[in-house]
Amino acid sequence: MRTFVIRARKGTVNADKVFSQVGSGAHFEIIAHTLANAFYFSNGMRPDVEVYVVLDSSPDFPKTLKFSSNNGLSFPGFHEHAILGVVSSALARGSKITKDETQSIEPGIDIYGFGFETLMKELQAHNPVYLLDKKGTDIRSMTFEQNGVFILSDHLPMPKNSIKGLERQGATKISLGRKILFASQCVVLVHNELDRQ
């Protein structure tokens, strides 16, 4: 299993605001592009891929959407509008979720009533975690363990306290080069490196 976590610092939990955040300061389109590149390749959908989208912009508590290709995940297309329609629908159907609750929305999509720190405690307990950082170890010099979790942020940097917390729990910083790339591009390069290995 390959797992990606993308933290959307300004990503809304309000289903009605998803499309209005495209092209705005929140840049919700980053989520759509990252999901497309995480799951799709030219022959269809990749098996054994999970993506957690952590949405921090909430009036009460953050929420996390989990997408899993092995559990019947389906999008009506791999373009931005189709993917964001699924995201918006999932948020609408999970709008009543309570803090720390988990709810299955449809095959391949779950919603959690918690955010980044709680999610990472769960994932780091059972999986090797890799934090993408331009100052990390070059990905081409790494040999990866099975079931790795790869952590990305959207257009806003990961908070320093979150980075320190990940490192305290054993996360490894990895680099894709000296240039800072879009999250969607990072996912493609990670996939490619793991495919080649």
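Residues numbered from 1 in each chain as written. Predicted model: local features only at pLDDT ≥ 70, side-chain atom pairs only at ≥ 80, totals over all residues. Heavy atoms only, no water.

Concerning the overall build of the protein
For step 1, the next point in the chain: For the protein, the helix and strand inventory stands at 5 helices and 10 strands.
For step 2, the next point in the chain: Computed over its C-alpha atoms, the radius of gyration of the protein comes to 16 Å, within 12% of the 16 Å expected for a compact globule of 197 residues.
For step 3, the next point in the chain: Seen through its C-alpha atoms, the protein measures out along the principal axes to roughly 45 × 40 × 30 Å.
For step 4, the next point in the chain: Residue burial in the protein is summarised as follows: out of 197 residues, 51% are buried.
For step 5, the next point in the chain: For the protein, contacts bridging at least 24 residues in sequence account for 66% of all contacts bridging at least 6.
For step 6, the next point in the chain: If you sum the accessible surface of the protein, you get close to 10,000 Å²; carbon and sulfur atoms cover 48% of it. (Helix = DSSP H or I, 4+ residues; strand = E, 2+ residues; numbered from the N terminus. Rg over C-alpha atoms; globule rule 2.2 N^0.38 Å. Buried < 20%, exposed > 50% of the residue type's maximum accessible area, 1.4 Å probe, protein only. Contact = heavy atoms within 4.5 Å. Areas by Shrake-Rupley, 256 points an atom, 1.4 Å probe, with all protein chains shown as cover.)

Re the packing of helix α1 (residues 29–39) against helix α2 (residues 80–93)
Geometrically, a packed helix pair is captured by the angle between its two axes and the distance between the axes.
For step 1, the next point in the chain: Between α1 and α2, the shortest axis-to-axis distance is 9 Å and the interhelical angle comes to 105°. Our classification of the angle between α1 and α2 gives roughly perpendicular. Contacts between α1 and α2 pair Glu29, Ala32, His33, Leu35 and Ala36 from the former with Glu80, Ile83, Leu84 and Val87 from the latter.
For step 2, the next point in the chain: Across the contact of α1 with α2, the residue classes break down as 6 nonpolar, 1 polar and 2 charged. (Axes fitted to C-alpha atoms, helices over the stretch in contact; angles between N-to-C directions. Parallel < 35°, antiparallel > 145°, perpendicular 65-115°, else oblique. Nonpolar A, V, L, I, M, F, W, Y, C, P; charged D, E, K, R; others polar.)

So, helix α5 (residues 183–196)
For step 1, the next point in the chain: An ideal rise of 1.5 Å per residue puts 20 Å on 14 residues; α5 measures up with 20 Å between its terminal C-alpha atoms.
For step 2, the next point in the chain: All of the buried residues along α5 are Ala183, Ser184, Cys186, Val187, Val190, His191, Glu193 and Leu194. (Expected span 1.5 Å × (residues − 1).)

Details of the side chain of aspartate 154
For step 1, the next point in the chain: Relative to the assigned elements, aspartate 154 resides in the loop between β9 (149–153) and α4 (160–168).
For step 2, the next point in the chain: Salt bridges are absent for the buried aspartate 154, whose nearest opposite-charge side chain, arginine 9, sits at 6.3 Å.
For step 3, the next point in the chain: Looking at aspartate 154, its side chain comes within polar contact range of the main-chain nitrogen of arginine 9, at 3.2 Å.
For step 4, the next point in the chain: If sequence neighbours within four positions are ignored, aspartate 154 has contacts with Ile6, Arg7, Ala8, Arg9, Lys10, Ala26 and Ile30. (Lys, Arg positive; Asp, Glu negative; His and termini not counted. Salt bridge = Lys/Arg side-chain N within 4 Å of Asp/Glu carboxyl O. Polar contact = N/O pair within 3.5 Å; in protein donor to acceptor, adjacent residues only side chain to side chain.)

Quick notes on unusual backbone geometry
Note: most residues except glycine have negative phi, and most peptide bonds are trans.
For step 1, the next point in the chain: For aspartate 48, which is not a glycine, the phi torsion comes out positive at approximately 60°.
For step 2, the next point in the chain: Relative to the helices and strands, aspartate 48 is located in the loop between β3 (44–45) and β4 (49–57).
For step 3, the next point in the chain: Unusually for a residue other than glycine, asparagine 147 sits at a positive phi of about 60°.
For step 4, the next point in the chain: Tracing the backbone through its elements, the reader meets asparagine 147 in the loop between β8 (129–138) and β9.
For step 5, the next point in the chain: Exposure remark for asparagine 147: the relative accessible area of 36% places this residue in the partly exposed category.

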